[in-house]
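Structural characterization, general
Below are the chains, spelled out letter by letter.
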Amino acid sequence: MASLSEEVLLVVKKVRQRKQDGTLYLMAERIAWGPEGKDRFSVSHLYADIRCQKISPDGKAKIQLQLVLHTGESTTFHFSNESSALKDRDAAKELLQQLLPKFKKKANKELEEKNRMLQEDPVLFQLYKDLVVSQVISADEFWANRLGDINSADSAVSNNKQEVGISGAFLADIRPQTDGCNGLRYNLTADIIESIFRTYPAVKQKYSENVPHNLTEKEFWTRFFQSHYFHRDRINTGTQDIFSECAKQDEKGLKSMVVQGVKNPLVDLLSLEDKTLDEGYGVGTTLPSTSNRTVKDSSNSAIIKRFNHHSAMVLAAGSRKGEAPADQASETSSTDGNSRDSDFFQPPVKKVKLQEAIEYEDLQRENRPKTVALNLKKSDRYAHGPVPLQSQHYSTSQDIINSVSYIQHEMANYKPNLTQVLSSTAASSAISALSPGGVLMQAATQQAINQMVPTDIQGELKHLYVAAGELLRHFWSCFPVNTPFLEEKVIKMKSNLERFQMTKLRPFQEKIQRQYLSTNLTGHLEEMLQTAYSKFHVWQTRRMMRKT
Amino acid sequence: MMDEEPERAKRWEGGYERTWEVLKEDESGSLKATVEEILFQSKRKRVIENYGKVRLGMMRHLYVVVDCSRSMDDHDLKPNRLTSTLKLMEAFVEEYFDQNPISQLGIITTKNKRAEKLTDLAGNPKKHTAALKKAVDTVCVGEPSLYNSLNLSIQTLKHMPGHTSREILIILSSLTTCDPANICELIKTLKSLKVRVSVIGLSAEVRVCTVLTRETGGSYHVILDESHFKELLMLHVRPPPVSSSSECSLIRMGFPQHIIASLTDQDAKPSFSMSQLDSNSSEAALTLGGYFCPQCHTKYTELPVECKVCGLTLVSAPHLARSFHHLFPLQAFTESPTEELQEDRFCQACQGELKDKSIFSCPSCGSAFCVECDFFIHDSLHCCPGCIHSQTAP
């Protein structure tokens, strides 16, 4: 197996594994280790099998690298070269870091997801055991619905992949803290780094050029913050700074922006001037207004320039992400912050803008949204429900008046006759039924059932319920049956239900019968299954009738 | 001076907390009174203009977006904006499911330029209240993102059937929003999907929210203080009138009977309720009675619920009847000055002395009510106490 026909990327000598000296080989598709003096590899792992790598912390005497596989087992390598152990380990780690992501197969990820779901949810795990392990339904069917949930949960996971805008204040939010001895601590999060890269592509370019070959990440960012590029006073101090190029690029960009000028006549400050009729009522020659453009190179103008540039870059980065906006009315639609090319203010757009500027919607009368009228027949039926039609005993209205007055008379002359209301036997049986413990007062004793049935039986019953519920859910989701796929599925599900009843329900019933429990614990489950069977029969007979 | 204004009388506690406002009244008293007057008039207007006999969207799918950005840490609502909002949200959730039993609610939070679902669209208030209680500990950080939260809600709402009403309610306290793309495009999408977005602002009016609510047909309000916040939230409990373009369809529902059984019955069958088993809690208990789904015979202990096994919506008739008072609202009472009242000046409902400058009388039975009772009758009772009593008299 020592055939080195594979491309070897890195060889590290003096690596111990399980207290044996040896050499570590990193190849194109796997990592392998062979003991000293032997020709074969005793340890070999494909990158695809490796879940992650771990390194021992910096302070420890032993410099180690651990590989954790998807299956859970791990292998540890101890770098024992006195002089270069740390370098070796770091080189191996860096290479692995670059190679591992390439090999992360999607199938493993799904398997991981499934494992994770089973571990997190014990009910699901139990369901899996009950249904799949005991062959009631196949694993595919079990995961068919769940993975559908995963894929929609993926969009929740893609929370991290949500597109994020760039906050205008991201640089200001970094907020350095003094760390006591005349130094500053900058806290950089992944968000801030991403914002910097998106807004200033020049910096991103520098980063990819220099890291990790010339500088480490930490050094890069330290230099970034130290450079005058970042700070207000941008005095270009020669070319030592790697960021001086970025500064020059920014200057060029700013200049081109200024040259382009502002296209929107409503905000173009330079063209706003007093148009007066000079002396002579406009006949005399008007001197062109020469605006003094002596730009004083004060620090103020530098800050202002930087602010303008920063805002333009942030806006451009935002629109650079999406597709080019088709909106003509947008003012800063450009792909590169250093040029604004798409503002063309045709007359109709201008008119709309002017209209907006002179009208306030707030002051206008509020338009109520249009509502749809309700079309109800006999709306008073809603007040008291439908009234059944009864046959009429009365034929004329005089009859009705007579009966009403008769009833009123009866009620006015009513004399109670309490001894003739109810027989004593009937009364005493009614009282006993209504006393606590009687026939009609059973609601209070509902709690007793829980004590009557032992908890382990209850637990098993719960599992049965969950499993039956899952199967029934699959079954009922097939209706209405209108595709051949659903037809097959419903037939399969019925046989699954029968199998479930055979393999799980019957043994449980026998078990509780042996324990002399008189309550019918599985009656409800059987009812549910019976309802499903009868639905199936009805569907089957209808299908037969349609075919003939 | 404080007693005469009805709103002030309710908030005597507020008066103790914010004593500087008392001083303000003395200096420029008219300003405070004007604002209260405006609030009062808008409340009145709502009562008068209630939509009688119009089609309402009763099956509602509402997403509430709660801003969890840095500005929610502010202490102008006690103890801070986030805690106060979450507390009011709990009351809102209860009221919402009370008035709209066949609707669903979901909660989204937004902070750090991202949006995250706190709870999915569901019809069970307990889940939402539990999640809201836990959310009190979240750290408020970063900026909110209107775009991302609207996008997240759209992903679920666009799959909802056409006859239901799709709504989003945003509680926004920050004055900025950090979006990855142009929000005007998203507003167009919302309009085409017929989603109605309303906003409650906690700080000030923001132009993008005005445009958003105007285009989608929702409402936009900014709160003045905590009691105003509660009022504005409760406005959204009422089902909104539908726009003319939504479809209507027949909805299949089951009406299970409540079965009560006892141990001595011949065929007493103890059973588990399916909804309790799923929740992974230890409260699943064997019970004898309950509601059995008419289609698949699964048992449930509470209604309304969607059957987990066969997917049928199970409700009871009183749930549907509860929404009738939205369809047939109580008439607005006529307002008249108090001096015109000849008899003793007592409010028919609370028997208190009529001290306000106007009284309200029911058009059918003529009883007089004070301002507070008028609001209470129209908001909560939905029937005139005078009319009810006059019916039972011989």
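Residues numbered from 1 in each chain as written. Chains lettered and ligands numbered in written order. Predicted model: local features only at pLDDT ≥ 70, side-chain atom pairs only at ≥ 80, totals over all residues. Heavy atoms only, no water.

All right, on to the overall build of chain B then. A count of helices and strands for chain B gives 14 helices and 15 strands. A burial count over chain B gives 49% of its 394 residues as buried. By sequence separation, contacts in chain B at least 24 residues apart represent 64% of the contacts at least 6 residues apart. Taken as a whole, chain B presents about 19500 Å² of accessible surface, with 54% of it coming from carbon and sulfur. (Helix = DSSP H or I, 4+ residues; strand = E, 2+ residues; numbered from the N terminus. Buried < 20%, exposed > 50% of the residue type's maximum accessible area, 1.4 Å probe, protein only. Contact = heavy atoms within 4.5 Å. Areas by Shrake-Rupley, 256 points an atom, 1.4 Å probe, with all protein chains shown as cover.)

Okay, the sheet that holds strand β1 (residues 8-17) of chain A next. Residue and element names in this part refer to chain A. With respect to topology, seven strands assemble into an open sheet ordered β4-β3-β2-β1-β7-β6-β5, the strand pairing being antiparallel. The sheet terminates laterally at β4 (43-46) and β5 (50-55), the two strands that pair on one side only. Taking each pair of neighbouring strands and ignoring which way they run, the sheet shows an average axis angle of 25°. The pairing of strand β3 (residues 30-35) with β4 spans four bridges and is classified as antiparallel. In the strand pairing of β4, I31 is matched with H45. Those strands touched by helix α1 (residues 85-99) are β1, β2 (20-27), β3, β5, β6 (64-69) and β7 (74-79), and its axis lies near 130° from that of β1. (Pairing = 2+ DSSP bridges. Axes fitted to C-alpha atoms, helices over the stretch in contact; angles between N-to-C directions.)

Before going further, it helps to spend a moment on the packing of aromatic side chains. Applying the stated criterion to the full structure yields 13 aromatic pairs over all chains. The interplanar angle of 80° and the centroid separation of 5.3 Å between the aromatic rings of Y96 of chain B and F97 of chain B together place this pair among those described as edge-to-face. Chaining the aromatic ring pairs together yields one cluster made of F197, Y207, F220 and W221 of chain A. A cation over an aromatic ring shows up here: K494 of chain A above the ring of Y533 of chain A, its NZ or CZ 5.5 Å from the ring centre. Here the guanidinium or amino end of K535 of chain A rests over the ring plane of F479 of chain A, the centre of that ring lying 5.0 Å away. (Phe/Tyr/Trp six-rings, centres within 6.5 Å; stacked < 30°, edge-to-face > 60°. Lys NZ or Arg CZ within 6 Å of the ring centre and 35° of its normal.)

The next thing to look at is the sheet that holds strand β14 (residues 358-361) of chain B. Residues and elements named next belong to chain B. Strand order across the open sheet formed by three strands is β13-β14-β15, with antiparallel pairing between neighbours. Strand pairing shows two members of the sheet lacking a second neighbour, β13 (334-337) and β15 (368-369), which therefore form its edges. The sheet contact formed by β13 and β14 spans four bridges and is antiparallel. If you follow T334 over to β14, its bridge partner there is S361.

In this section: unusual backbone geometry. The step from F479 of chain A to P480 of chain A runs through a cis peptide bond, and the omega angle for that step is -5°. Among the structural elements, P480 of chain A can be located in the loop between α15 (455-476) and α16 (484-514). Residue K78 of chain B is joined to P79 of chain B through a cis peptide bond whose omega torsion reads -15°. With respect to the secondary-structure elements, P79 of chain B resides in the loop between β1 (60-67) and α4 (81-99).

Here E251 of chain A is to be found in helix α8 (residues 244-260). Along the primary structure E251 of chain A and R306 of chain A are separated by 55 residues, whereas in three dimensions their C-alpha atoms are 9.4 Å apart.

Residues and elements named next belong to chain B. Here S69 shows up in the loop between β1 and α4. The class of S69 is buried, set by a relative accessible area of 0%. As for S69 and K111, which are separated by 42 residues in sequence, their C-alpha atoms are 4.8 Å apart. In this structure, S69 is in contact with T110, K111, C140, V141, G142, E143, P144 and S174, ignoring residues within four places of it in sequence.

For the rest of this paragraph, the subject is a nonpolar patch on the surface. A cluster of nonpolar side chains, namely Y406, I407 and M411 of chain A, defines an oily patch on the protein surface of about 380 Å² accessible area. Residue placement: Y406 of chain A occurs in helix α12 (residues 397-412). (Patch = residues over 30% accessible without salt bridge, like charges linked within 9 Å, V, L, I, M, F, W, Y side chains within 5 Å. Salt bridge = Lys/Arg side-chain N within 4 Å of Asp/Glu carboxyl O.)

Residues and elements named next belong to chain A. Structurally, the position occupied by Q53 is in strand β5. Residues Q53 and T75, spaced 22 residues apart in sequence, show a C-alpha to C-alpha distance of 9.6 Å. Looking at Q53, its side chain comes within polar contact range of the main-chain oxygen of K93, at 3.2 Å. (Polar contact = N/O pair within 3.5 Å; in protein donor to acceptor, adjacent residues only side chain to side chain.)

All names here are of chain B. Counted under the stated rule, the structure contains 16 salt bridges over all chains. For R81, the salt bridge goes to D76, with nearest N and O atoms at 2.8 Å. For R81, a relative accessible area of 5% gives the class buried. Overall, the relative accessible area of 40% leaves D76 in the partly exposed class. Salt-bridge contacts for R214 lead to E215; the nearest nitrogen and oxygen are separated by 4.0 Å. One network of salt bridges, in which partners are shared, links D74, D76 and R81.

A separate point is the side chain of S56 of chain A. Residue and element names in this part refer to chain A. Among the secondary structure elements, S56 is positioned in the loop between β5 and β6. Taking the relative accessible area as the measure of exposure, S56 reaches 10% and is therefore buried. Engagement of the side chain of S56 in a polar contact is seen with the backbone oxygen of K62, the distance being 3.2 Å. Within polar-contact distance, the side chain of S56 engages the side chain of R89 at 3.3 Å. Beyond its immediate sequence surroundings of up to four residues, S56 is in contact with K62, I63, Q64 and R89.

Looking now at a positive patch on the surface. A cluster of basic residues, K535, R542, R546 and K547 of chain A together with R252 of chain B, forms a positive patch at the surface. When you line up the elements, K535 of chain A lands in helix α17 (residues 523-547). Among the residues examined, K535 of chain A registers a relative accessible area of 32% and is labelled partly exposed. (Lys, Arg positive; Asp, Glu negative; His and termini not counted. Charge placed at Lys NZ, Arg CZ, Asp CG, Glu CD.)

All names here are of chain A. Summarising the sheet, β1 and β7 pair through two bridges and their orientation is antiparallel. In the strand pairing of β7, R16 is matched with H78. Across five bridges, β6 lies against β7 in antiparallel orientation. Residue pairing across strands places L67 opposite T75, the latter belonging to β7. Between the antiparallel neighbours β6 and β7 lie four residues, among them G72 with a positive phi of about 105°.

Looking now at the pairing of β14 of chain B. Residue and element names in this part refer to chain B. Burial along β14 is two-sided: the face carrying S358 and F360 and the face carrying I359 and S361 are both buried. One ladder, built from two bridges, connects β14 with β15; its direction is antiparallel. Bridge pairing in β15 links F360 to F369. Counted between consecutive antiparallel strands, the loop separating β14 from β15 contains six residues, among which G366 sits at a positive phi close to 80°.

Residues and elements named next belong to chain B. Per-residue confidence for chain B gives a mean pLDDT of 81, with 82% of residues at or over 70. Predicted confidence is poor over residues 22-26, with pLDDT under 50, and the contacts of this stretch with residues over four places away or in other chains come to four contacts. If you check the scores for this complex, the pTM reads 0.69 and the ipTM reads 0.70. (pLDDT = per-residue confidence, 0-100.)

Turning our attention to the packing of α4 of chain B against helix α5 (residues 125-134) of chain B. Residues and elements named next belong to chain B. At their nearest, the axes of α4 and α5 sit 10 Å apart, and the two run at 180° to each other. Our classification of the angle between α4 and α5 gives roughly antiparallel. Counting all contacts with α4, which are made through L86, M89, E90, V93, E94 and F97, the residues of α5 involved are P125, H128, T129, L132 and K133. Grouping the amino acids of the contact of α4 with α5 by side-chain chemistry returns six nonpolar, two polar and three charged. (Parallel < 35°, antiparallel > 145°, perpendicular 65-115°, else oblique. Nonpolar A, V, L, I, M, F, W, Y, C, P; charged D, E, K, R; others polar.)

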